[in-house]
Amino acid sequence: MEKIIAGKSIAINEEGYLTDFKQWDKSIGEELAAEAEISLTPRHWEVLTYLQTEYKNEVPLSIRKIGKSGVVDIKEFYQLFPKAPLKTATKIAGIPKPASCI
Amino acid sequence: MKHLVILGAGTAGTMMANHLNHHLKKPDWQISIIDERKEHHYQPGYLFLPFDIYSPEDIIKNIEDFIPKQVELIKATIDKVLPKENKVKMADGRELNYDVLIVATGAKIAPEETEGMKGSEWQKSVFDFYTFEGSLALRNKLRDWQGGKLVVHITEMPIKCPVAPLEFAFLADSFFKHKHMRDKVEITYVTPLSGAFTKPKATEALEHLLHDKNINIESDFAIEHVDNEKKQIVDYGGREIPFDILVTVPTNKGDAVIERSGMGDDLNYVPTHKATLQSKEYSNVFVLGDASNIPASKAGSVAHFEAEILTDNILHFIKGEPLKEEFDGHANCFIETGNGKALLIDFNYTHEPVEGSFPFPGVGPLRLLKESRMNHMGKLAFRWIYWNVLLKGTHIPFVSATMSESGKHYA
């Protein structure tokens, strides 16, 4: 399905995740963050950029890996993206919800 | 004489010893299997032991009873594998050279990964049921427990048998009903996932059951520590869940020998090609069962399906032929739902569990993703099948290694 985000028509799935990362830009990230009631600071962007890099390198994401990444520890990750940080952060970053689970 | 070495005589390793024994014979081949343990445990039985449904004798047999005579069983602790030298070193100093290595060292719980989990309340009010000792301690606790808050908890994925904690919650509901004390027990299911299970249609069905059985669900809970004094679990976001009994599934990790050998990822699982089961790093090393990092369930049924395909691939490898990229992640799991009923799910890498009939399309007799007594009988019969058919590597009639899509109701 399509949704207007930051004035552009963007393809998303039923859970609101972008289905095509190429459509993502910073203004879309800002608007998705606002929907989650998060205002993005430079620290948020460091984490989001890290997640996008891992995604491009096809590294599966998990809370454990992020905690050991050296970019952010789990406690701070929760402070930046409260409640369900990995789900929220990946949505804002425009990448798929991690399938960390079988 | 060439040498094929299997590490681990659990479900996966034992099946491979039996399969390959039919194909690789002396004087051309010697098969050896290494394990330090004396006993083979029927791990699905750990689920039933706490509720006095099974007794320890149902679960434990001798390892050597299931290894063919022609296969050399070496009872020793593995120090490490030297994959570049095609060598296995044992703790007693012995060394074994191999031409082909099969890693089947499984996965284990690692409660020490979570702060406070193995603290003062361990096996007093904090229990696991993924070890025989944990399951037995829990049985003794539940026998005369007077009620309170029972919290069933998953630390992080992946875990062995991802449905087991749900089954535990369902069986607990049934157990306390039979003891006429269900009203004295509050059951809460705590998961790091967003819902009851990892796949959407099954999650829907299972959440419905949790609701029916008056079991609360707390999702998206990433545990930070266990507070032994206040008897609560706390997540990274500060959410607190109090318990009188905590039944947790700790972090699961591959065996420490994988770490010592430098062959694993951050959870000690061996990077493995998901369709051929060949190690990504070493062409003469193959991995099956819980020891690999493939995105399939860590379950005995998966190891069983893998074993059929891996046997073919090892024979191809030995002849210098290309490997078959055939393994599809097929898993087939009974889910006990209590009161003498069970669900059955059948799925693979690409197809989630849905409703339907199994193994005969449109006929059954087993129903997929629906509670039935027949499914429960299937689960109980499975213990006999495990000891008498599965470990011996005998093909189970009508159930193919790759998943069948017929008889299943995909949208």
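Residues numbered from 1 in each chain as written. Chains lettered and ligands numbered in written order. Predicted model: local features only at pLDDT ≥ 70, side-chain atom pairs only at ≥ 80, totals over all residues.

**Observations regarding the environment of Glu112(B)**
- Position of Glu112(B) among the secondary structure elements: in the loop between β10 (107-109) and β11 (126-127).
- Separated by 14 residues in sequence, Glu112(B) and Val126(B) place their C-alpha atoms 13 Å apart. (Helix = DSSP H or I, 4+ residues; strand = E, 2+ residues; numbered from the N terminus.)

**Quick notes on the pairing of strand β16 (residues 232-235) of chain B**
Residues and elements named next belong to chain B.
- Burial of β16 is one-sided: the residues Ile233 and Asp235 facing one way are buried, the residues Gln232 and Val234 facing the other way are not.
- Sheet topology places strand β15 (residues 223-227) next to β16; 4 bridges connect them, and they run antiparallel. Among the inter-strand pairings, Asp227 is bridged to a residue of β16, identified as Gln232.
- Hairpin geometry of β15 and β16 is characterised by an intervening segment of 4 residues between the two adjacent antiparallel strands and by a positive phi of about 50° at Lys231.
- The pairing of β16 with strand β17 (residues 240-242) spans 3 bridges and is antiparallel. (Buried ≥ 20, exposed ≤ 12 C-beta atoms within 10 Å, placed from the backbone. Pairing = 2+ DSSP bridges.)

**Notes on the domain arrangement of chain B**
Residues and elements named next belong to chain B.
- Domain boundaries assigned for chain B yield domain 1 (2-44 + 61-106 + 255-319), domain 2 (109-251) and domain 3 (332-390).
- With centres defined by C-alpha atoms, the gap from domain 2 to domain 3 works out at 24 Å.
- At the interface, 13 residues of domain 2 touch 12 residues of domain 3.
- Within the residue set of the side of domain 2 that touches domain 3, elements represented by two or more residues are α4 (164-178) and α5 (200-212).
- It is α4 that contributes the most residues to the side of domain 2 that touches domain 3, 6 residues altogether.
- A class-by-class count of the residues in the side of domain 2 that touches domain 3 yields 8 nonpolar, 1 polar and 4 charged. (Domains from an automatic or database assignment. Contact = placed C-beta atoms within 7 Å. Nonpolar A, V, L, I, M, F, W, Y, C, P; charged D, E, K, R; others polar.)

**Focus: the sheet that holds strand β6 (residues 78-82) of chain B**
All names here are of chain B.
- The antiparallel open sheet is built from 3 strands, whose spatial order is β6-β7-β8. At either end of the open sheet lies a strand with only one pairing partner, and these are β6 and β8 (95-97). Each strand of the sheet is rotated relative to its neighbour by a mean of 20°, with strand direction disregarded.
- As judged from the 4 bridges shared by β6 and strand β7 (residues 87-90), these two strands associate in the antiparallel manner. The partner of Leu82 across the bridge, within β7, is Lys87. (Axes fitted to C-alpha atoms, helices over the stretch in contact; angles between N-to-C directions.)

**Points about the packing of helix α2 (residues 42-56) of chain A against helix α5 (residues 85-93) of chain A**
Residues and elements named next belong to chain A.
- At a minimum axis separation of 9 Å, α2 and α5 run at an interaxial angle of 80°. Considering their axes alone, α2 and α5 lie roughly perpendicular with respect to each other. Touching Val47, Leu48, Leu51 and Gln52 of α2 are Ala89, Thr90, Ile92 and Ala93, all from α5.
- Class assignment of the residues belonging to the contact of α2 with α5 gives a composition of 6 nonpolar, 2 polar and no charged. (Parallel < 35°, antiparallel > 145°, perpendicular 65-115°, else oblique.)

**Looking at α4(B)**
Residue and element names in this part refer to chain B.
- The end-to-end C-alpha separation of α4 is 21 Å, in line with the 21 Å expected for 15 residues at 1.5 Å each.
- Here α4 lies mainly inside the structure; 11 of its 15 residues are buried.
- Buried within α4 we find Ala164, Pro165, Leu166, Glu167, Phe168, Ala169, Phe170, Ala172, Asp173, Ser174 and Phe176.
- Where α4 is buried, its residues meet β12 (148-154), β13 (185-190), α5, β18 (245-249) and β21 (331-338).
- Just past α4, the residue His180 takes up positive phi, approximately 55°. (Expected span 1.5 Å × (residues − 1).)

**With respect to the environment of Phe360(B)**
Residue and element names in this part refer to chain B.
- Following the sequence through the fold, Phe360 ends up in strand β23 (residues 356-360).
- Given 13 C-beta atoms within a 10 Å radius, Phe360 is considered partly exposed.
- Expressed as a C-alpha distance, the spacing of Phe360 and Ile74, which sit 286 residues apart in the sequence, is 42 Å.

**Focus: helix α8 (residues 373-390) of chain B**
Residue and element names in this part refer to chain B.
- Of all the bends found along α8, the most pronounced is centred on Trp384 and spans about 40°.
- Listed in full, the buried residues belonging to α8 are Asn375, His376, Lys379 and Leu390.
- For α8, the secondary structure elements touched by its buried residues are α1 (11-21), α7 (300-319), β21, β22 (341-347) and β24 (364-368). (Bend = angle between axes of the 7 residues up to and from the residue.)

**Digging into the interface of chain B and chain A**
- The interface of chain B with chain A comprises 15 residues on the first partner and 14 residues on the second.
- Of the residues contributing to the side of chain B that touches chain A, the split by class is 8 nonpolar, 4 polar and 3 charged.

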